[in-house]
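Spelled out from the first residue to the last, the chains are:
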Amino acid sequence: MAQPAQGPAEGPCSTPPVGDDASTPDCHPVDEKLHPSRLVPAALQHIAAMYAGVVTPPLIIGQACGLDTVAQTRLIAAGLLIAGLATILQTIGVKGFVGNRLPFVNAASSAGIAPILAIAETNAKGDQLPAIYGAVMVAGVFCLAVGPFFGKLLRFFPPLVTGVVITLIGVTLMPVPVKWAQGGDDTDPAFGDMKYLALAAFTLVVILMFQRFGRGFLKQVALLAGMFIGTLAAIPYGMADFTAVQSAPLAALPTPFAAGTPVFQPAAILSLCIVMLVLMTESAAGMLALGEICERKTDGRTITRGLRTDGIATLVGPVFGGFPTSAFAQNVGVVSLTRVRSRYVVAVAGATLIVLGAFPVLGAVVNVVPMPVLGGAGIVLFGSIAVSGIRTLSEAGLDDSSNIILVAVSLGAGIIPLAAPTFYAQFPAWAQTVLGSGISAGALVAVTLNLFFHHLGTRSSAQSAAAALKSS
């Protein structure tokens, strides 16, 4: 577990602009208020990393519900707006009550798409969104009720367990940038075309060049620079689509309950409550990962406040058109890669999402970035998350045979859904929801085996002391 840094535990502090003496010995990096010359580019990197993921759930769900272009645009705008509000609440928070006060992004999770589409299929057109939103609201209440117990169970998540979970976050997310690198749409006949792969590779090379030869600020914005240059390179080949900018409305604030009054169906509620458990596990794992990366202790109270933010956003989101809200692992990768750990950077990114949601035409500009460019950048992002997990595991006592078995079996369980997506096809629906996510399956196995090896039964005092030391 990361140890608290030297200096004050919390409290904002400022740093001078680039080129000046930026040393702030009494300031924790998480609480730095960066000069705008450093803050804005860092925030833009977070926006670029998260944008595709934020708009994906409303885009897919809206299409499944047969929404027209105007309604679809408003649904996406609502998703951006809710994500921005949730992110600000998470990063700034109300001390002691809500918000983990880490550089943590909250938005609608893609993990909820499959069960939401199942709800849509069982309802007639026009009744789909009300049934979905009713279930999402109850899932938000469920998160608020169960969230505090996650914080109290933190002692069952030593570095041995968190290292497995963090590694699986990076590994199980890797198919996402790979799909982006191939063009993003696997129904397109040109999916996987060499022009897409070449653009993704070019973007990756540019990022690597900035990382290798850049210094200071240029090295920190390597991801943003790579995506910008990659997008410029795509324009002459017609791979940067500007039609979304031309057709997007200038302003489109979400209307409360625009899709109708929520309907509460027991089966839909049950499925989304199970999904919420998965999202809470992933969100808690993200907070633990950020605690390691930012070198700020993530205790039970921090996780409780963070999950309370998830619950509030999930409960309130459907009023304006939002979906189940959780952590965004992409942005954990941005923090790990750039080492810019200020929560105010992510708060500015959240404010930017609010603006993009209120003015869809601005959001469409960000959407110009081609999928292959995002794919090239995503390989770096998600790979860096896995590296963070490996670094945590290296400090978790892997010279002990029990710990080796724990990590081996947990990683295997987490990789099964990735290696064999239909492995759990014959399992009950609730089991498919839990085990079908490599992150939640790996976390469940790691926690269970940690209990089995290090908490249950009796062992000699020497063995118990050694195991406790290696797992603490």
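Residues numbered from 1 in each chain as written. Predicted model: local features only at pLDDT ≥ 70, side-chain atom pairs only at ≥ 80, totals over all residues. Heavy atoms only, no water.

Looking now at helix 17 (residues 401–419). Between its first and last C-alpha, helix 17 extends 26 Å over 19 residues, near the 27 Å set by a 1.5 Å rise per residue. For helix 17, the full list of buried residues reads Ser402, Asn403, Leu406, Val407, Ser410, Ala413, Gly414 and Pro417. Its side-chain oxygen placed 2.9 Å from the backbone nitrogen of serine 402, aspartate 400 serves as the N-cap of helix 17. (Helix = DSSP H or I, 4+ residues; strand = E, 2+ residues; numbered from the N terminus. Expected span 1.5 Å × (residues − 1). Buried < 20%, exposed > 50% of the residue type's maximum accessible area, 1.4 Å probe, protein only. Polar contact = N/O pair within 3.5 Å; in protein donor to acceptor, adjacent residues only side chain to side chain.)

To continue, consider the packing of aromatic side chains. Applying the stated criterion to the full structure yields four aromatic pairs. Geometrically, the ring pair formed by tyrosine 424 and phenylalanine 427 is edge-to-face, given 5.1 Å between the ring centres and 85° between the ring planes. Since its relative accessible area comes to 37%, phenylalanine 427 is described here as partly exposed. With a centroid separation of 5.2 Å and an interplanar angle of 65°, the aromatic rings of phenylalanine 452 and phenylalanine 453 are classed as edge-to-face. Each member of the aromatic cluster is reached from another via a ring pair, and the members are Phe423, Tyr424 and Phe427. (Phe/Tyr/Trp six-rings, centres within 6.5 Å; stacked < 30°, edge-to-face > 60°.)

Core analysis: the largest hydrophobic core is formed by 82 residues, its most contacted members being Ile132, Leu223, Leu272 and Phe323. Per-element accounting of this core gives the leading share, 16 residues, to helix 11 (residues 266–294). When sequence neighbours within four positions are dropped, the list of residues in contact with leucine 272 reads Pro115, Ile116, Ile119, Ile132, Ala135, Val136 and Ala139. Core analysis: the next-biggest nonpolar cluster, separate from the first, contains 21 residues, Ala42, Val55, Val345 and Leu356 among them. (Core = buried A, V, L, I, M, F, W, Y, C linked by side-chain atoms within 4.5 Å. Contact = heavy atoms within 4.5 Å.)

What follows covers the packing of helix 5 (residues 159–173) against helix 16 (residues 371–394). Relative placement of two packed helices is described by the angle separating their axes and the distance separating the axes. Taken N-terminus to C-terminus, the directions of helix 5 and helix 16 make an angle of 160°; their axes are 7 Å apart at the nearest point. Viewed along their axes, helix 5 and helix 16 adopt a mutual orientation that is roughly antiparallel. Our pair here, helix 5 against helix 16, has a crossing hand that is left-handed. Across the interface between the two elements, Pro159, Leu160, Thr162, Gly163, Val164, Ile166, Thr167, Ile169, Gly170, Val171 and Leu173 of helix 5 pack against Phe382, Ile385, Ala386, Ser388, Gly389, Ile390, Thr392 and Leu393 of helix 16. Counted by class, the contact of helix 5 with helix 16 contains 12 nonpolar, seven polar and no charged residues. (Axes fitted to C-alpha atoms, helices over the stretch in contact; angles between N-to-C directions. Parallel < 35°, antiparallel > 145°, perpendicular 65-115°, else oblique. Left-handed = near helix turned anticlockwise from the far one by under 90°. Nonpolar A, V, L, I, M, F, W, Y, C, P; charged D, E, K, R; others polar.)

This brings us to the pattern of salt bridges. Here the structure, examined in full by the defined rule, presents four salt bridges. The closest approach of N and O atoms between aspartate 31 and arginine 296, which form a salt bridge, is 2.6 Å. With aspartate 31 in the loop between strand 1 (13–14) and strand 2 (32–33) and arginine 296 in the loop between helix 11 and helix 12 (300–320), the pair connects residues that are 265 residues apart, well separated along the chain. The burial state of aspartate 31 is the same as that of arginine 296; both residues are buried. One salt bridge in this structure joins aspartate 31 and arginine 343, with 2.9 Å as the shortest N-O distance. Here the residue aspartate 31 occupies a position in the loop between strand 1 and strand 2, and arginine 343 occupies one in helix 14 (residues 343–358), the gap between them amounting to 312 residues. Each member of the pair, aspartate 31 as well as arginine 343, is classed as buried. A cluster of three or more residues bridged by salt bridges with shared partners is formed by Asp31, Arg296 and Arg343. (Salt bridge = Lys/Arg side-chain N within 4 Å of Asp/Glu carboxyl O.)

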